[in-house]
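# Breakdown of the fold
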Amino acid sequence: MAPRTLGRAVTALIAPALALGATVGLAAAPASAAVWSSCDQWGNTTLNGYTLYNNIWGSGAGTQCIWANSGTNWGVNANHPNTGGIKSYPDSKKVINKTITSLGSLTSSYNVSVPSSGAYNTSYDIWDTGYANEIMLWVNKTGAVGPLGTSQGTLTLGSNTWTVYKGNNGSNNVYSFVRSSNSTSGTVDILPILKWIKDTKGWFGNVTIGDVQFGFEITSSSGGLDFTVNSESVSSS
């Protein structure tokens, strides 16, 4: 499992072994010059208020390189074998550090280009500051991947309908919201989801929201596949 600062947890149907036994090699960098790139397992940098992570954390991983033109325009080329278990979660992180009741708004927009093959999801990964609660928002998924836990039914908030799953990976609670249809661009109003968990379900209290991460949870991408965040934003008040 990746360090807490990288904020990953086991959320696939078939959980990977936690030992990081893979040797991460070098993959091809993007054809166009980027402001920053890295093929390191834990490669990271901060650009215009967002922290980017290559974040290859699962066992049996292949190669993966991340590049960025900014904190909100970035991507990876990943070549992970066609085996079960999450290999990586390349992502960008925005720090919030506000309690749910002190937030007036928390929204995000996204526009991504993703491959038609492989096994992965495009998701938000939202953590409280104690890393006891993880809220995942899957906006699209491909291949043999699925959320941890048991279905709690469907929920419609704003323009999005989700199937909600509740589980625990042994380290923290995991609340997964899987969008009813795949989307490569849109806007998510995150605060009503947090309030629904807190006020309607009572699954946690007035926690402090620490990180809002957005990226690609990759299980397999054999042959080398490109994942691109054309644009994204996370804003709060």
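Above this text you will find the structure in question.
Before going into details, it helps to say that this report is about the structure given with it. Owing to the predicted nature of the structure, the values given are computational and were not obtained by experimental measurement. (Residues numbered from 1 in each chain as written. Predicted model: local features only at pLDDT ≥ 70, side-chain atom pairs only at ≥ 80, totals over all residues. Heavy atoms only, no water.)

## Quick look at the nonpolar core
Core analysis: the largest hydrophobic core is formed by 45 residues, its most contacted members being Leu 137 and Phe 177. Sequence-distant contacts of Phe 177, that is, excluding residues within four places in its chain, are made with Ile 135, Met 136, Leu 137, Trp 138, Leu 155, Trp 162, Thr 163, Val 164, Ile 193, Trp 196 and Ile 197. Formed by five residues, the second largest nonpolar core is a distinct cluster that contains Ala 119, Met 136, Val 145 and Val 178. (Core = buried A, V, L, I, M, F, W, Y, C linked by side-chain atoms within 4.5 Å. Buried < 20%, exposed > 50% of the residue type's maximum accessible area, 1.4 Å probe, protein only. Contact = heavy atoms within 4.5 Å.)

## Looking at unusual backbone geometry
Excluding glycine, most residues fall at negative phi; most peptide bonds, likewise, are trans. Even without being glycine, Asn 48 reaches a positive phi, approximately 40°. Looking at the element boundaries, Asn 48 is found in the loop between strand 2 (44–47) and strand 3 (50–53). Even without being a glycine, Asn 97 presents a positive backbone phi close to 55°. Inspection of the secondary structure puts Asn 97 in strand 6 (residues 91–99). (Helix = DSSP H or I, 4+ residues; strand = E, 2+ residues; numbered from the N terminus.)

## Considerations on the pattern of salt bridges
Taken as a whole, this structure holds one salt bridge when the rule is applied. A salt bridge links Asp 199 to Lys 198; its shortest N-O distance comes to 2.7 Å. (Salt bridge = Lys/Arg side-chain N within 4 Å of Asp/Glu carboxyl O.)

## Some details on the sheet that holds strand 8 (residues 119–128)
Paired through their backbone hydrogen bonds, the strands of a sheet run either parallel or antiparallel. One open sheet holds the nine strands; their spatial order is 2-3-6-14-8-9-12-11-10, and the pairing between them is mixed. The open sheet is flanked by strand 2 and strand 10 (150–157), the only strands paired with a single partner. Adjacent strand axes in the sheet meet at a mean angle of 25°, parallel and antiparallel pairs treated alike. Judged from the eight bridges that link them, strand 8 and strand 9 (residues 133–142) form a sheet pairing that is antiparallel. Paired with Ser 123 across the bridge in strand 9 is Trp 138. (Pairing = 2+ DSSP bridges. Axes fitted to C-alpha atoms, helices over the stretch in contact; angles between N-to-C directions.)

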